[in-house]
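Below, each chain spelled out in residue letters.
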Amino acid sequence: MRAFLSILAIIALLHFANAQDKLLTTAERTDYQKTSTYAEVMDFISTLDKSSPYARLETLATSIEGRSVPLLIIANPLPENPEELANDDRIVVYIQGNIHAGEVEGKEATQMLARDVLRNPDSEILKNVIVLINPILNPDGNEKFSTKNRTRQNGPPSVGVRYNGQMLDLNRDAMKLETPEIRGVVQNVLNKWDPAISVDCHTTNGSYHEEPTTFVWQMNPNGDRNLINYMRDKMMPKVHRTLWDKYGVENIFYGEFIDRMDYSKGWISYAAEPRFLVNYIGLRNRLAILNENYVYADFKTRVNASYHLLLTILEYASKHKKEIERLIDEADKNAVATNISDSLALQYKGVATPEKITIKAIEADTVPGVKGYWRYKQSDRKVSVTVPYIADYFPSQSIKMPFAYLITIADPEIAELLKWHGIEVEQLTKTSNLLVEEFNITNVKAKQRLFQGHYQNSVEGEFVQKEKDFPGGTYVVYTARPLGKLAAYLLEAQSDDGLLKWNYFDRYLVPQWGRGFYPYPVYRLMQPAELSTK
């Protein structure tokens, strides 16, 4: 019987190898003149699923327009479910493309990577790594092909759009979870499979340089500092060097010149808020990488660069899995130790990393009469510069973490959102009299311009200490948990990316008549207390 099964396995592998030899992405088939439609992506990964015993296709989410968002699981052997990983020493890596559907290298590179990894099921990668791949996170945006989209991009001629079917930017949704695609990533990848490393593929705009691919790590200072430093000092420099030396792909850490006309001011990676998915994953104390491919390189070069970056990351994960898992385990332990997780950065500032960065820059000229972002054009003058890299973010204003938050409004939308994130939400079983900090609002100012469907709030006020009765049913969120910093970021009144910022508490802040404000309905319990909860 075993011999028969072995023969079947060999036949399956031969069938896959034969099918795979003929399997090309749309970009490969068209000599990089086109990028894949949604149907072509699904056909490609469905072929991998059907022809290989080491691949399984699942659904991550369903888009607003009704398209299935795929998740391809690649492993040898394939786990039936994430629960089987409890005694599995392999590391989980998640890679996604097409979050912005006009930025298409990741969509093509992830398909190629899936095919090529499956070609060698006995590789070191598949001995040590479970690979999760989502080539097309934004299928609705992908199908809005037009030659008028991303016209400054150096091929292919027709691509999709940035936004999803709700006209929302998926890479601004990690905290508010208003899109089914990002909810799917959080619930069906991060909560379910808990990848140690996640990679999000994009295409740059911005400064001119020769390197066809760039990348950077999670930056928000509320993530574990040891993980940030590991990425900054060890993993990312090693990936950078390997990508250049082994695969011949020029690359730099992601950013843009602070001043395109004065390079000495430095190179900056400027977006540290957790609304950006990579920073959100860092806030959950996992490793995350933003891949930004250079928009002015030709399409084939960009896909090749992205492909080899992703391959290099998998090779690094395979070789260093024990080290990475140890660091993550320490970060989780630190998160539940209240003497370590003692403050939350409300504001932060970027400073230079310990090492400067060398960039093969292409000088810019100004365009007469043009203002704003597109006032520059690329020249033919090339210069190599070594400058400070502004990518280390440290707190400039912090607040002490409470023992727990108590939410006094019975709003199921807010409780459900917290649970979507994987945050534990409990409820008091009886009335409790507690000494808490109450945030008394003195001013709320909404932005004048809509952003992602919201007039974002900024709030002023002060904390006062008071005794208060909290009735049974009050929501309780403890902070000495692995996702304690994420919970605090969402619930703090003056958080730069929290639920008050995103208008979730608006209806509870202002009385119908008269002036003034109600207290913010989230209270901070500072001292440990025995609470009766369910």
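Considerations on the packing of aromatic side chains
Then comes step 1: Summed over all chains, the structure comprises 15 aromatic pairs.
Then comes step 2: One aromatic cluster is present, formed by Phe215, Trp217, Phe253 and Tyr389 through successive ring pairs.
Then comes step 3: Residue placement shows arginine 524 over the ring face of phenylalanine 463; its charged tip is 5.1 Å from the ring centre.

Quick look at the sheet that holds strand S8 (residues 256-257)
Then comes step 1: Strand order in the open sheet made by the four strands is S8-S9-S14-S11, with mixed pairing throughout. Only two strands of the sheet have a single partner each, and these edge strands are S8 and strand S11 (343-352).
Then comes step 2: Bridge count between strand S9 (residues 267-268) and strand S14 (residues 389-400): two bridges; the pairing is parallel. Of the residues in S14, the one forming a bridge with tryptophan 267 is tyrosine 389.

Considerations on the pairing of strand S19 (residues 475-478)
Then comes step 1: Burial along S19 is two-sided: the face carrying Tyr475 and Val477 and the face carrying Val476 and Tyr478 are both buried.
Then comes step 2: Both strand S15 (residues 404-407) and S19 contribute to a ladder of four bridges, which runs antiparallel. Across the sheet, the residue bridging to leucine 406 is valine 476, located in S19.
Then comes step 3: Inspection of the sheet shows strand S16 (residues 426-427) paired to S19 by two bridges, in the antiparallel sense. Paired with glutamate 426 across the bridge in S19 is valine 476.

Description of the pairing of S14
Then comes step 1: For S11 and S14, the ladder comprises nine bridges, and the chain directions are antiparallel. When the bridges of S14 are listed, valine 351 appears paired with aspartate 392.

Section: the sheet that holds strand S2 (residues 68-74)
Then comes step 1: Reading across the sheet, the eight strands line up as S1-S2-S4-S3-S5-S10-S6-S7 and stay open at both edges, with mixed pairing between neighbours. Among the strands making up the open sheet, the edge pair consists of strand S1 (55-62) and strand S7 (251-253). Each adjacent strand pair in this sheet contributes to an overall mean axis angle of 20 degrees, direction not counted.
Then comes step 2: Alignment of strand S6 (residues 213-217) against strand S10 (residues 287-293), held across five bridges, turns out to be antiparallel. The residue bridging phenylalanine 215 from the neighbouring strand is asparagine 291, located in S10.
Then comes step 3: Along the sheet, helix H8 (residues 225-247) makes contact with strand S5 (197-203), S6, S7 and S10, crossing S6 at roughly 160 degrees.

A word on the nonpolar core
Nonpolar side chains in soluble globular proteins generally cluster together in the buried interior.
Then comes step 1: With 147 residues, the main nonpolar core has Ile197, Met235, Leu418 and Phe505 as its most contacted residues.
Then comes step 2: The greatest single-element share of this core, amounting to eleven residues, is contributed by helix H10 (residues 299-319).
Then comes step 3: Once you skip the residues sitting within four places of it in the chain, leucine 418 turns out to touch Ile407, Ile423, Val425, Val477, Leu490, Leu491 and Leu499.
Then comes step 4: Counting twelve residues, the second-largest nonpolar core is a separate cluster that includes Phe403, Leu434, Val436 and Leu525.

Some remarks on the environment of asparagine 87
Then comes step 1: With respect to the helices and strands, the residue asparagine 87 is situated in the loop between S2 and strand S3 (91-96).
Then comes step 2: You can call asparagine 87 exposed: its relative accessible area is 80%.
Then comes step 3: Considering only alpha carbons, one finds asparagine 87 and tyrosine 208, 121 residues apart in sequence, at a separation of 47 Å.

Regarding the pattern of salt bridges
Then comes step 1: Counting across every chain of the model gives 40 salt bridges.
Then comes step 2: When the shortest N-O distance is used, the salt bridge between arginine 150 and glutamate 103 registers 3.6 Å. Here arginine 150 is found in the loop between helix H6 (139-142) and helix H7 (180-193), whereas its partner glutamate 103 is found in the loop between S3 and helix H4 (105-119), with 47 residues between them in sequence.
Then comes step 3: The class of arginine 150 is partly exposed, set by a relative accessible area of 22%.
Then comes step 4: According to the relative accessible area criterion, glutamate 103 is buried, its value standing at 4%.
Then comes step 5: One salt bridge in this structure joins aspartate 233 and arginine 232, with 2.6 Å as the shortest N-O distance.

Details of a nonpolar patch on the surface
Then comes step 1: Together, Val370, Tyr373 and Trp374 give the surface a local cluster of nonpolar side chains, amounting to about 260 Å² of exposed area.
Then comes step 2: Mapped onto the secondary structure, tryptophan 374 falls in the loop between strand S12 (357-366) and strand S13 (376-387).
Then comes step 3: When its relative accessible area of 34% is taken as the criterion, tryptophan 374 is described as partly exposed.

Quick notes on helix H13 (residues 484-491)
Then comes step 1: A large share of H13 lies buried, amounting to eight of its eight residues.
Then comes step 2: Of the positions making up H13, those classed as buried are Gly484, Lys485, Leu486, Ala487, Ala488, Tyr489, Leu490 and Leu491.
Then comes step 3: Close packing links the buried residues of H13 with helix H9 (277-283), S11, S15, helix H12 (412-420), S19 and strand S20 (522-525).

Structural notes on the packing of H8 against H10
Then comes step 1: Remark: H8 packs on H10, axes separated minimally by 10 Å, with the N-to-C direction vectors making an angle of 125 degrees. Taken as axis vectors, H8 and H10 run oblique relative to one another. When the axes of H8 and H10 are compared, the crossing they make is right-handed. Every residue of H10 that contacts H8 at Tyr230, Lys234, Met235, Lys238, Val239, Thr242, Leu243, Lys246 and Tyr247 is listed here: His308, Leu309, Leu311, Thr312, Ile313, Glu315 and Tyr316.

Some details on the environment of asparagine 440
Then comes step 1: As for its position among the elements, asparagine 440 is in strand S17 (residues 432-446).
Then comes step 2: Not counting residues within four places of it along the chain, the set of residues in contact with asparagine 440 comprises Glu460, Gly461, Glu462, Val464 and Pro519.

Things to note about H7
Then comes step 1: Buried within H7 are the following residues: Pro180, Glu181, Ile182, Gly184, Val185, Val186, Val189, Leu190 and Trp193.
Then comes step 2: Phi for aspartate 194, located one or two positions after H7, is positive at around 50 degrees.

Reading the values: the criteria
- Residues numbered from 1 in each chain as written.
- Predicted model: local features only at pLDDT ≥ 70, side-chain atom pairs only at ≥ 80, totals over all residues.
- Heavy atoms only, no water.
- Phe/Tyr/Trp six-rings, centres within 6.5 Å; stacked < 30°, edge-to-face > 60°.
- Lys NZ or Arg CZ within 6 Å of the ring centre and 35° of its normal.
- Pairing = 2+ DSSP bridges.
- Helix = DSSP H or I, 4+ residues; strand = E, 2+ residues; numbered from the N terminus.
- Buried < 20%, exposed > 50% of the residue type's maximum accessible area, 1.4 Å probe, protein only.
- Axes fitted to C-alpha atoms, helices over the stretch in contact; angles between N-to-C directions.
- Contact = heavy atoms within 4.5 Å.
- Core = buried A, V, L, I, M, F, W, Y, C linked by side-chain atoms within 4.5 Å.
- Salt bridge = Lys/Arg side-chain N within 4 Å of Asp/Glu carboxyl O.
- Patch = residues over 30% accessible without salt bridge, like charges linked within 9 Å, V, L, I, M, F, W, Y side chains within 5 Å.
- Areas by Shrake-Rupley, 256 points an atom, 1.4 Å probe, with all protein chains shown as cover.
- Parallel < 35°, antiparallel > 145°, perpendicular 65-115°, else oblique.
- Left-handed = near helix turned anticlockwise from the far one by under 90°.

Geometric values such as these leave the question of function open.
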